[in-house]
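# Fold and contact review
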Amino acid sequence: SCPVISAPMFSALLALPEGQRMVLAGDGVYLQFTGPWLTVTTRVGDLAPGLRLPYGRMAEDLRFAFGAIPLVMIEEFIRRARRALPNEAAGALIFCSTDGSLSPRMHEPIECGAGHIRYRIAGLADDEVLAVDLHTHGRLPAFWSEVDNRDDLGVRLCGVFGNLDRDTPSAKFRLVLNGL
């Protein structure tokens, strides 16, 4: 499910059609992932100092099929999340592989308060994938909590917003690859 290959020294690495793999390169260990909405190559490990391997070098790369996240969708999420204050709120941007579009959705809260939220993610169509996971910390600043670290699994872009009681909220984003 996750092959390991070596980076060629004198030719290009064949593109990964879909899925994931680890690449051992002359400058470290890389994770490559290709899915309907994301293509990424990122360094996940270093080599021992002085270790010289007969492999080529890699370059980090990150490309979203939808381009940049539309600011209007982030602003809409923040508007809707402010209505939940003082409670936290959660939602997502869903990628449709049929037409390459993103659509915003709010998640249904199961239990929420000013310092926590548990929610239900609505079912997705066969051509949809949750690409950008969004949630708030209400009036608290944006940060990655231990709960966030446990919950952020799979492959997705995650965003957290805080200070929603202010004109300009705080925000943090991170790409999550299999919990890393």
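As a starting point, this report considers the structure included with it. Owing to the predicted nature of the structure, the values given are computational and were not obtained by experimental measurement. (Residues numbered from 1 in each chain as written. Predicted model: local features only at pLDDT ≥ 70, side-chain atom pairs only at ≥ 80, totals over all residues. Heavy atoms only, no water.)

## Structural notes on the overall build of the protein chain
Keep this limit in mind: Numbering of helices and strands starts at the N terminus; helices are DSSP runs of H or I of at least 4 residues and strands are runs of E of at least 2. Burial classification: accessible surface area is computed with a 1.4 Å probe over protein chains only, and a residue below 20% of its type maximum counts as buried, one above 50% as exposed, and the rest as partly exposed. It only takes one pair of heavy atoms within 4.5 Å for two residues to be counted as in contact. For the accessible areas, the method is Shrake-Rupley and the probe is 1.4 Å, while residue cover comes only from the protein chains on display. Positive: Lys, Arg. Negative: Asp, Glu. His and the chain ends are not part of the count. Throughout, a charge is located at the NZ atom of Lys, the CZ atom of Arg, the CG atom of Asp or the CD atom of Glu.
Along the protein chain, the regular secondary structure elements total two helices and twelve strands. Listing every helix and strand of the protein chain by position from the N terminus yields β-β-β-β-β-α-β-β-β-β-β-α-β-β. Principal-axis analysis of the C-alpha atoms gives the protein chain an extent of 55 × 40 × 25 Å. Per-residue burial for the protein chain yields a buried fraction of 36% across its 180 residues. Across the protein chain, contacts joining residues at least 24 apart in sequence account for 50% of those joining residues at least 6 apart. Carbon and sulfur atoms make up 54% of the accessible area of the protein chain, which totals about 10,100 Å². In the protein chain, 18 positive and 21 negative side-chain charges are present, and the distance between their average locations comes to 4 Å.

## A look at the pairing of strand S6 (residues 90-96)
We count it as follows: Note on pairing: two strands pair once DSSP finds at least 2 bridges between them.
Along S6, seven of the seven residues are buried, which leaves the element largely enclosed by surrounding structure. Burial along S6 is two-sided: Ala90, Ala92, Ile94 and Cys96 facing one way and Gly91, Leu93 and Phe95 facing the other are all buried. Relative to strand S10 (residues 128-136), S6 is paired through seven bridges, and the arrangement is antiparallel. Paired with Ala90 across the two strands is His135, which belongs to S10. Sheet topology places S6 next to strand S7 (residues 101-106); six bridges connect them, and they run antiparallel. Of the residues in S7, the one forming a bridge with Gly91 is Met106. Two successive antiparallel strands, S6 and S7, enclose a turn made up of four residues, where Gly100 displays a positive phi of approximately 75°.

## Thoughts on empty space enclosed by the protein
The following threshold applies: Lining residues are defined by having an atom within 4 Å of a point belonging to a cavity or pocket. Those points lie on a 1 Å grid over the protein atoms alone, cavities being sets where a 1.4 Å probe fits but cannot get out and pockets being open sets with protein on both sides within 12 Å along at least five of seven lines. Grid points are joined across faces, edges and corners, and a volume is the space filled by probe spheres set on the points. Throughout this entry, Asp, Glu, Lys and Arg are counted as charged residues, while Ala, Val, Leu, Ile, Met, Phe, Trp, Tyr, Cys and Pro are counted as nonpolar. The remaining residues, Gly among them, count as polar.
Scanning the entire structure with this criterion turns up one cavity of 30 Å³ or more. Looking at the largest cavity, the residues that line it are Met73, Glu76, Phe77, Arg80, Ala92, Leu93, Pro104, Arg105, Met106 and Leu134. Mapped onto the lining of the largest cavity, the elements with two or more residues apiece are helix H1 (71-82), S6 and S7. Counting residues per element, the lining of the largest cavity draws most heavily on H1, at four residues. When grouped by side-chain class, the residues that make up the lining of the largest cavity number seven nonpolar, no polar and three charged.

## Focus: unusual backbone geometry
Note the cis peptide between Leu85 and Pro86, where omega equals 10°. Inspection of the secondary structure assignment puts Pro86 in the loop between H1 and S6. One non-glycine residue, Asn163, adopts positive backbone phi at about 55°. Positionally, Asn163 belongs in the loop between strand S11 (155-162) and strand S12 (170-177).

## Here we look at the pattern of salt bridges
Formally: The rule for a salt bridge is simple: a side-chain nitrogen of Lys or Arg has to be within 4 Å of a carboxyl oxygen of Asp or Glu.
Evaluation of the coordinates by the stated rule reveals nine salt bridges. One salt bridge connects Asp61 with Arg63, and the closest N-O pair in it is separated by 2.7 Å. One salt bridge connects Glu128 with Arg105, and the closest N-O pair in it is separated by 2.5 Å. Of this pair, Glu128 sits in strand S10 while Arg105 sits in strand S7, and the two are 23 residues apart along the sequence. Here the residues in one salt-bridge network are Glu76, Arg79 and Arg80, joined through shared partners.

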